[in-house]
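Structural overview
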Amino acid sequence: MNALLIRTARLTGLAYLGLAVFGMLGYLGVRQRLYVPDDATATAANLVDHQTLAHVGTVADLTVVVCQALAAFGFLALYRRTHAVAAAAVAAFGLVNAVLILVATVCTTAALHVALAEPGTYAQPDQTVLLLHDLAERAWGLGGLFFGLWLVPMGLLVLRSGRQPRPLGWVLVAGGVGYVGSTYVTAVAPDQTLVATALTALATVGEVWMVGYLLWRGVRTRARTTSAATAG
């Protein structure tokens, strides 16, 4: 049973790592090179000139969706015996975030289709391309609400189960709350990028810690969990 639990933990950590790696690839490596806010002509031209890069971005985003879903079910498998409701919350919030990323991917693939269409197929194609990319950015940004929400029950499960260090649980809870706050800041004051970024800093620490622990240690054994709970 312990071997199965550790294997599940490491597979969950691998999916979480894939979520982070392909998310960064899509954002830093692709979207920031193609999407030019408030410039329809430049965005459309980038898509036409860098079609391969746009396809790489689509693959990266779809992989993020798959990894997010796998990680969500992985955490459900790991913690459903610890607290069924909290484990279900992690899975549900993770899946909703995956759906929002999929919506964003629909928008970016549609934008590429419009940019490459024959002249005259769409009225104001450049503006349509920019609008679709704007929608994709909003879906990613507002999806952060559910990304923050999935960290909070994840942290509570760490605290309750004792399968990872208790400080990690508190970092995840605080990071999740900060991520939710960052989403609100992004939605109502998009020019406050420094504030929004600062609010996600603790979440990043918690995620890196969680991924590293899952891949390195997996989870603590039942005996270690019991002793941790007794010590607490």
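Our structure is the block above this text.
Residues numbered from 1 in each chain as written. Predicted model: local features only at pLDDT ≥ 70, side-chain atom pairs only at ≥ 80, totals over all residues. Heavy atoms only, no water.

The next point concerns the overall build of the chain. For the chain, the count of helices and strands is 9 helices and 0 strands. What you see in the chain, going N to C, is helices and strands ordered as α-α-α-α-α-α-α-α-α. Judged by the C-alpha coordinates and their principal axes, the chain covers about 70 × 35 × 25 Å. Considering only contacts within the chain whose residues lie at least 6 apart along the sequence, 76% involve residues at least 24 apart. Accessible surface for the chain amounts to roughly 11,700 Å². Of this, 68% is attributable to carbon and sulfur atoms. Across the chain, 14 positive and 10 negative side-chain charges occur, with their mean positions spaced 35 Å apart. (Helix = DSSP H or I, 4+ residues; strand = E, 2+ residues; numbered from the N terminus. Contact = heavy atoms within 4.5 Å. Areas by Shrake-Rupley, 256 points an atom, 1.4 Å probe, with all protein chains shown as cover. Lys, Arg positive; Asp, Glu negative; His and termini not counted. Charge placed at Lys NZ, Arg CZ, Asp CG, Glu CD.)

With that settled, consider the environment of V219. Along the chain, the position of V219 falls in the loop between α8 (201-216) and α9 (222-231). Assessed through its relative accessible area of 3%, V219 is described here as buried. On a C-alpha basis, the gap between V219 and A117 in space is 51 Å, while along the polypeptide they are 102 residues apart. In this structure V219 touches L5, I6, A9, L78, R163, Q164 and Y213, once residues within four positions along its chain are discounted. (Buried < 20%, exposed > 50% of the residue type's maximum accessible area, 1.4 Å probe, protein only.)

Where helix α2 (residues 40-49) meets helix α5 (residues 125-161), the axes come as close as 8 Å, and the angle between the chain directions of the two elements is 85°. Overall, the two elements α2 and α5 adopt an arrangement that is roughly perpendicular. For the pair α2 and α5, contact is made by A40, T41, T43, A44 and L47 and by D126, Q127, V129, L130 and H133, respectively. (Axes fitted to C-alpha atoms, helices over the stretch in contact; angles between N-to-C directions. Parallel < 35°, antiparallel > 145°, perpendicular 65-115°, else oblique.)

With that out of the way, let us pick up a nonpolar patch on the surface. Taken together, the side chains of L11, L14, L17, V21 and L215 present a nonpolar region at the surface, about 420 Å² in accessible area. Ranked by residues supplied to the nonpolar patch, first place goes to helix α1 (residues 2-34) with 4 residues. For L215, the location among the structural elements is in helix α8. Exposure remark for L215: the relative accessible area of 33% places this residue in the partly exposed category. (Patch = residues over 30% accessible without salt bridge, like charges linked within 9 Å, V, L, I, M, F, W, Y side chains within 5 Å. Salt bridge = Lys/Arg side-chain N within 4 Å of Asp/Glu carboxyl O.)

This part takes up the packing of aromatic side chains. With the rule as written, the count across this model stands at 7 aromatic pairs. A centroid spacing of 5.9 Å and a plane angle of 90° characterise the contact between Y16 and F75, whose relative ring orientation is edge-to-face. In this pair, Y16 sits in helix α1 while F75 sits in helix α3 (residues 51-79), placing the two residues 59 residues apart along the sequence. Relative accessible area serves as the criterion here: at 1%, Y16 is assigned to the buried category. F75 sits in the buried class, given a relative accessible area of 1%. Connected via pairs of aromatic rings, a cluster forms that spans Y16, F75, Y79, F147, W150 and Y179. Here the basic side chain of R31 rests over the ring of W140, its NZ or CZ set 4.3 Å away from the ring centre. One cation-aromatic arrangement involves R217 over W216; the distance from NZ or CZ to the ring centre is 5.6 Å. (Phe/Tyr/Trp six-rings, centres within 6.5 Å; stacked < 30°, edge-to-face > 60°. Lys NZ or Arg CZ within 6 Å of the ring centre and 35° of its normal.)

Quick look at the layout of surface pockets now. Computed from the structure, the largest pocket encloses a volume of approximately 1,600 Å³. As for the largest pocket, its lining consists of 40 residues, and the residues nearest its centre are Y27, R31, W140, G141 and Y179. Among the elements of the structure, α1, α4 (84-116), α5, α6 (166-188), α7 (193-199) and α8 are those that each provide at least two residues to the lining of the largest pocket. At 10 residues, the largest contribution of residues to the lining of the largest pocket is made by α1. Residue composition of the lining of the largest pocket, grouped by class: 20 nonpolar, 14 polar and 6 charged. (1 Å grid on protein atoms, 1.4 Å probe; cavity = no way out; pocket = protein on both sides within 12 Å on 5 of 7 lines; lining within 4 Å. Points joined across faces, edges and corners; volume = space filled by probe spheres on them. Nonpolar A, V, L, I, M, F, W, Y, C, P; charged D, E, K, R; others polar.)

The gaps of empty space that remain are located by a probe, the size of a water molecule, rolled over the atoms. Under the counting rule described, the total for this entry stands at 1 cavity of 30 Å³ or more. Roughly 90 Å³ of volume is contained in the largest cavity. Residue lining of the largest cavity: V30, R31, L34, L47, A54, G57, T58, D61, T108, L112 and H133, and that is the complete set. The element best represented in the lining of the largest cavity is α3, accounting for 4 residues. Here the lining of the largest cavity is composed, by residue class, of 5 nonpolar, 4 polar and 2 charged.

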